[in-house]
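Chain by chain, the residues:
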Amino acid sequence: MNKTFLALALTAFASSSFAYNTQLDAGFTYFDHDNDWIDSHGLFEAKGTYYLAPVETKTAPLNEAAFLGHNSNVYAKYSYQYWNSEDYYDEYDIGVGIAKDETDTHKISAGVEYYLDQIYLNGEIGFGRQKDKYQVQFDDFTYNEKNDYDVTLYRAMVGFMPLTNLLLAAGIDGYKGDGDDKDNALALRAKYVAPIGQDGQFINLEADGTFGDLDTITLGADYYFDQTFSIGAAYNKQDDGDFDTDSFAVRTKYFINPSLAVGGAVGFGDDVQNLNLNATFRF
């Protein structure tokens, strides 16, 4: 009797609409550079989102439920990135030493997304600190040099939704660092989610860009086979006027159940490859 009741309850849970107010996302990306200079390079990212009204999953892709439901929310993000060089030889007036570079970057930010009928508002502010450490070891002594760099980040966007599942937004994406280091870039965003056919399949198309001292363009597309599983691709280009880089990634996400998902991506860029693993938890 108890086993029968449990089976019926699980079946009902799996087939019924699921609602949640909180979402936690976390992921780690490891970069493999095609040179003998960089020893290790990794990035950890985490985000917590609280929705002001419960998000109903219904029959749309679970990964797009909040966007399709126009669910206003507040969120907080944290990222940590590290970069370490191999040991190399550096020459000074007093001789040649074995040198090593290390960089650690921490960023934290908070923001809000608000939907008012067809109007979309997004504001975010954050702070970052980068620490660089340079060390040279000679036979009889060690030389150390450390530098800290602080930055304030901010973003403000206003958007319009001419269709229920189409967002067009523009605004400013800027930062203010130590000294006179600053930039206010034009930010553009577009996102469109639409059903394909009658079998519960969807497509997601998105584009993001910032245009200032550094121009960045990201294009992405995902195909949802059903509510739970998607495969997609993304392209990123960065250009600072002197150098430009391109990268391409293949990504996927799978919801084990309405409250838990796992995902991954494999990226290929100019002399670098990366692997990302991530997870999502909702309650």
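(A) Looking closely at the pattern of salt bridges. Under the defined criterion, the tally for this structure stands at 10 salt bridges. Arg 155 is the partner of Asp 173 in a salt bridge, and the nearest nitrogen-oxygen pair spans 2.5 Å. Of the two residues, Asp 173 sits in strand S8 (residues 166-177) while Arg 155 sits in strand S7 (residues 142-163), which places them 18 residues apart along the sequence. Here Asp 173 falls in the partly exposed class, since its relative accessible area comes to 25%. The salt bridge involving Arg 251 is made with Asp 222; its shortest N-O contact spans 2.7 Å. Within this pair, whereas Arg 251 is found in strand S13 (residues 244-257), its partner Asp 222 is found in strand S11 (residues 215-224), the two being separated by 29 residues in sequence. By sharing partners, the salt bridges in this structure join Glu 64, Lys 191, Glu 206, Asp 222 and Arg 251 into a single network.

(B) View of the side chain of Thr 22. Take Thr 22: it is sitting in strand S1 (residues 19-33). Contact partners of Thr 22, with chain neighbours within four places excluded, come to Thr 49, Tyr 50, Phe 281, Arg 282 and Phe 283.

(C) Examining the environment of Tyr 254 more closely. Within the secondary structure layout, Tyr 254 lies in strand S13. Taking relative accessible area as the criterion, Tyr 254 reaches 38% and is therefore assigned partly exposed. Along the sequence, Tyr 254 and Met 157 sit 97 residues apart, while their C-alpha atoms lie 30 Å from each other.

(D) Region of the structure containing the packing of aromatic side chains. What the rule picks out here adds up to 11 aromatic pairs. Centroid distance Phe 229 to Tyr 254: 6.4 Å. Interplanar angle 70°. Geometry classified as edge-to-face. A residue pair is termed long-range when its members are at least 10 positions apart, and Phe 229 in strand S12 (residues 229-239) and Tyr 254 in strand S13 qualify at 25 residues. Aromatic ring contacts, followed pair by pair, group Tyr 223, Phe 225, Phe 229 and Tyr 254 into a single cluster.

(E) How the structure looks around the nonpolar core. Counting 12 residues, the largest nonpolar core is built from Ala 60, Phe 67, Tyr 115, Tyr 120, Met 157, Met 161, Leu 167, Ala 169, Ala 187, Val 193, Phe 202 and Tyr 224. For this core, the elements supplying multiple residues, two or more each, are S7, S8 and strand S9 (182-196). Leave out the neighbours within four places in its chain, and Leu 167 touches Phe 67, Tyr 120, Gly 159, Phe 160, Met 161, Arg 189, Ala 190 and Lys 191. Counting residues in hydrophobic clusters, the runner-up holds 6 residues, among them Tyr 20, Tyr 51, Ala 65 and Ala 66.

(F) Quick look at the pairing of S9. The sheet contact formed by S8 and S9 spans 11 bridges and is antiparallel. Residue pairing for S9: Ala 169 is matched across the bridge by Arg 189. The turn linking S8 back onto S9 is made up of 4 residues, and Gly 179 within it adopts a positive phi angle of 70°. Of the strand pairs in this sheet, S9 and strand S10 (residues 201-211) are connected by 11 bridges, and their pairing is antiparallel. Residue pairing in the sheet places Leu 188 in a bridge with Gly 209 of S10. Following S9, the chain reverses through 4 residues before pairing antiparallel with S10; Gly 197 in that reversal takes a positive phi of roughly 70°.

(G) Seen up close, the confidence of the model for the protein chain. Put simply, the protein chain has an average pLDDT of 91, and 93% of its residues get 70 or more. pLDDT under 50 marks residues 1-16. Its contacts with residues more than four places away, or in other chains, come to 2 contacts.

(H) Main features of the side chain of Ser 40. Topologically, Ser 40 is positioned in strand S2 (residues 38-56). For Ser 40, a relative accessible area of 14% gives the class buried.

Conventions used here
- Residues numbered from 1 in each chain as written.
- Predicted model: local features only at pLDDT ≥ 70, side-chain atom pairs only at ≥ 80, totals over all residues.
- Heavy atoms only, no water.
- Salt bridge = Lys/Arg side-chain N within 4 Å of Asp/Glu carboxyl O.
- Helix = DSSP H or I, 4+ residues; strand = E, 2+ residues; numbered from the N terminus.
- Buried < 20%, exposed > 50% of the residue type's maximum accessible area, 1.4 Å probe, protein only.
- Contact = heavy atoms within 4.5 Å.
- Phe/Tyr/Trp six-rings, centres within 6.5 Å; stacked < 30°, edge-to-face > 60°.
- Core = buried A, V, L, I, M, F, W, Y, C linked by side-chain atoms within 4.5 Å.
- Pairing = 2+ DSSP bridges.
- pLDDT = per-residue confidence, 0-100.

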